[in-house]
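Below are the chains, spelled out letter by letter.
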Amino acid sequence: MSLLDTVAITNFRANTLSVTNTGWIELVLSGISLPDSFTTDATFPTVVPPGDTVVIAFGYEGILGDTTTATLSHSDNVRGDVNVTLVGTMQQVLLGELSGTLRHEIGEYRVAGPVIIPFDETLIIEPGVDVIFDADVPIIVYGKLNAVGTVEDSIRFLPGDAPSWGGLRFWSDRNETNIVLNETDSSTIAYMRLNGAVNDVFDDGIYFGGGIDVRHRRLGISNSVISHCRGENGGGIRVESGSVGVAECRVDSNRANSTFGPRLEPGSGGGVYLTDSRFFARDCSFSYNTVGEITRFTAHGGGGIMVHQSSVFLHGCLISSNTVVGNGGGVDIVGSSAVSMYDCYIDQNVAAINGGGISIDGDGIPEEGMFSTTPSEPFEGPFATLDVHTAYLYNNTALDGGGIYDTDSAEVSLDNVTYVGNVPNDRTTITHTAEEAQPHRFTLQQNAPNPFNPETIIRFSMPAQGDVSLTLYNITGQRVRTLLSRSMPLGSHETVWNGRDDVGRPVASGVYLYRLDWTPSDKATNHEPSSLIHRMTLVR
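Quick notes on the rules
In this numbering scheme, every chain counts its residues from 1 along its sequence in written order. In view of the model being predicted, local features appear only for residues whose pLDDT reaches at least 70, and side-chain atom pairs are presented and counted only at 80 or more, with totals across whole chains, interfaces and linings using the full set of residues. Where side-chain values are given, they derive from all heavy atoms of the structure, hydrogens and water being excluded. Strands were regarded as paired on the criterion that DSSP finds at least two bridges between them. Comment: elements are numbered from the N terminus, with helices defined as DSSP H or I runs of at least four residues and strands as E runs of at least two. Fitted lines through C-alpha atoms serve as axes, helices being fitted only where they are in contact, and the angles separating the N-to-C directions of these axes extend from 0 to 180 degrees. Note on terminology: a nonpolar core comprises buried Ala, Val, Leu, Ile, Met, Phe, Trp, Tyr and Cys residues joined through side-chain atoms within 4.5 Å. Throughout, exposure labels follow a simple rule: accessible area from a 1.4 Å probe, protein chains only, divided by the maximum for the residue type, with under 20% read as buried, over 50% as exposed, and the rest as partly exposed. Working rule for contacts: check all heavy atoms of both residues, and any pair within 4.5 Å makes them a contact. Each reported salt bridge corresponds to a side-chain nitrogen of Lys or Arg within 4 Å of a carboxyl oxygen of Asp or Glu. Stacked, edge-to-face and tilted are the three classes for Phe, Tyr and Trp ring pairs, Trp counted by its six-membered ring, which pair at centre distances within 6.5 Å; planes under 30 degrees apart are stacked, over 60 edge-to-face, the rest tilted.

Draft legend 1. Representation of the sheet that holds strand β48 (residues 510-520) in the model. Spatially, β46-β45-β48-β49 is the arrangement adopted by the four strands of the open sheet, whose pairing is antiparallel. On the outer flanks of this sheet lie β46 (479-488) and β49 (530-538), each paired with one strand and no other. On average, each strand axis in the sheet is tilted by 15° relative to the strand beside it, whichever way the strands run. Pairing between strand β45 (residues 466-474) and β46: eight bridges, direction antiparallel. The partner of S469 across the bridge, within β46, is S485.

Draft legend 2. Molecular detail of the nonpolar core. Grouped together as the largest cluster of nonpolar side chains are 67 residues, with contacts concentrated most on F157, L168 and I212. It is strand β39 (residues 384-394) that provides the largest number of residues to this core, a total of five residues. Excluding residues within four positions of it along the chain, I212 makes contact with L168, F170, I189, L194, L219, I221, I226, G236, I237 and R238. M462, L470, V507 and L538 belong to the second largest nonpolar core, which has 22 residues in total.

Draft legend 3. Molecular detail of the pattern of salt bridges. Counted by the stated rule, this structure contains 17 salt bridges. Where R459 meets E494, a salt bridge forms, and the shortest distance between an N and an O atom there is 3.2 Å. You can see R459 sitting in strand β44 (residues 456-462) and its partner E494 sitting in strand β47 (residues 491-497), a full 35 residues away along the chain. Given the relative accessible area of 15%, R459 is considered buried.

Draft legend 4. Structural context of the pairing of strand β38 (residues 358-361). Relative to β38, strand β35 (residues 331-334) is paired through four bridges, and the arrangement is parallel. Within β38, the position partnered with V331 by the bridge is I358. Bridging between β38 and strand β40 (residues 404-407) involves three bridges; their strand directions are parallel. Paired with I358 across the two strands is I404, which belongs to β40.

Draft legend 5. Main features of the side chain of N396. Positionally, N396 belongs in the loop between β39 and β40. Classification of N396 as buried rests on a relative accessible area of 0%. Contacts of N396, omitting those with residues within four sequence positions, involve I346, D347, Q348, N349, G356, G357, G402, G421, N422 and V423.

Draft legend 6. Molecular detail of the packing of aromatic side chains. Under the defined criterion, the tally for this structure stands at nine aromatic pairs. Cluster of aromatic residues (ring-pair linked, three or more members): F133, F157 and W165.

Draft legend 7. Region of interest: the sheet that holds β47. The strand order across the open sheet built from three strands is β43-β44-β47, with neighbouring strands paired in antiparallel fashion. Lying at the two open borders of the sheet, with one neighbouring strand each, are β43 (443-444) and β47. Pairing analysis gives seven bridges linking β44 to β47, with the strands arranged antiparallel. The partner of M462 across the bridge, within β47, is G491.

Draft legend 8. Structural view of the pairing of strand β9 (residues 108-117). Counting buried positions over the ten residues of β9 gives eight, a clear majority of the element. Looking at chain direction, β9 and strand β12 (residues 139-141) are connected through three bridges and run parallel. What sits directly across from I116, in β12, is I140.

Draft legend 9. Region of interest: unusual backbone geometry. Residue P424 follows V423 across a cis peptide bond; omega there is 5°. Going from N450 to P451, the amide bond is cis rather than trans, its omega being -5°. If you trace the backbone, P451 turns up in the loop between β43 and β44. Despite not being glycine, N223 has its phi angle at roughly 50°, a positive value.

This is the structure:
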């Protein structure tokens, strides 16, 4: 370039100016507008002998403006041209609200603080982009994230100057409202590598997944790797009231643990934790994931995958070499869940208690990710289902039910299942007695499926005969429909809601509350009138 041209320095880090001169020229680098942390004086002379190259080094740490310019000038009594080259890796610093595109030609973006993709905004990440975290913060997606790499140029989320970072959080919006699942707010990830995210603190009643945390959102992931992450529940992925599909992915070497929270227990779901959600996986591996250390109070479940009141479909998946301090070394299924497996390999998983390969128990659990090693509450099922078509359970280990451990609170259908080398046995089924089967408490189960379309089942139980009212409300508190209002006998009951109001009109997609009120008929039973409320999501 000729003298007096302007060199644009846009968000560089550890840069140099390489100056090649064909004549004797005195250069002055001036007109630089940079913060005090710029490590080279704004003006300095350099004499370049003929044919030589002089490298002028400068460095900067922090956030630059949109464009910083430097002007090359020369002494009035010297003539000639110089070639000027900027040497370094172009980097962009990310902080605050963000939308638009992270471009391939930039290559590397550094995260200096929390990043938020606002509601109704979209961030696109092009192939070959590295997002490096110099601060232990998350990227929170209230809008949409489309991060689609290629086989040759994957997208990577990695720790940088910080030893860990806060993961990707796909949330409904800042205030956890507008929680309606629809196609327009779904995000897409493909050919991505994500590791080093840590969220193992139980914070103010909120559980976090390690690598990816999804709440009331849709997400599609393909051809990606999520590894070496740690979360309170769901070391690799956690989904709450959402819908996630994964294809040709690896969720490996993650951990669920809560050692830094106020609770002293491990979490659940070393690889994946699901609650009130839908999860679809095709040709994926869930391997070498773990759930923390056992305590004397509780055991937790799902070394590979923990399923809590969710609908799950697994096809052609490998669930291998996962470990858990509780039940379900490979997969643990609890509550009102429905799991289908087709052509899956479940091998070399280890559970400290029951179900080395798979554990399924339809009884509810007292809080997310927790269940007693010796259940104190009576059987009130069946609520969970497991449907297996062609599966291979090899060399799984547990105290009982090395391959599969199930109870009569679950309906299990097995077709073409091969067992080899499971310790101590291939399958254990626990049957409750009739006395145990009589409910001793008033319960309202989570509806199943949830989210649902067009109908869902609501189950409840009563320890004594009484008057029952089951009423549905929208999120603003307006009554939508009364499903039940009559006297009912003691025992377990269920009813179906078809997504219509009292006059038969279809209601809109959204979140609805259902409230069960019960007044015992016989006051001698020592039971008081009670009310229970749950929420559910209708997706049209």
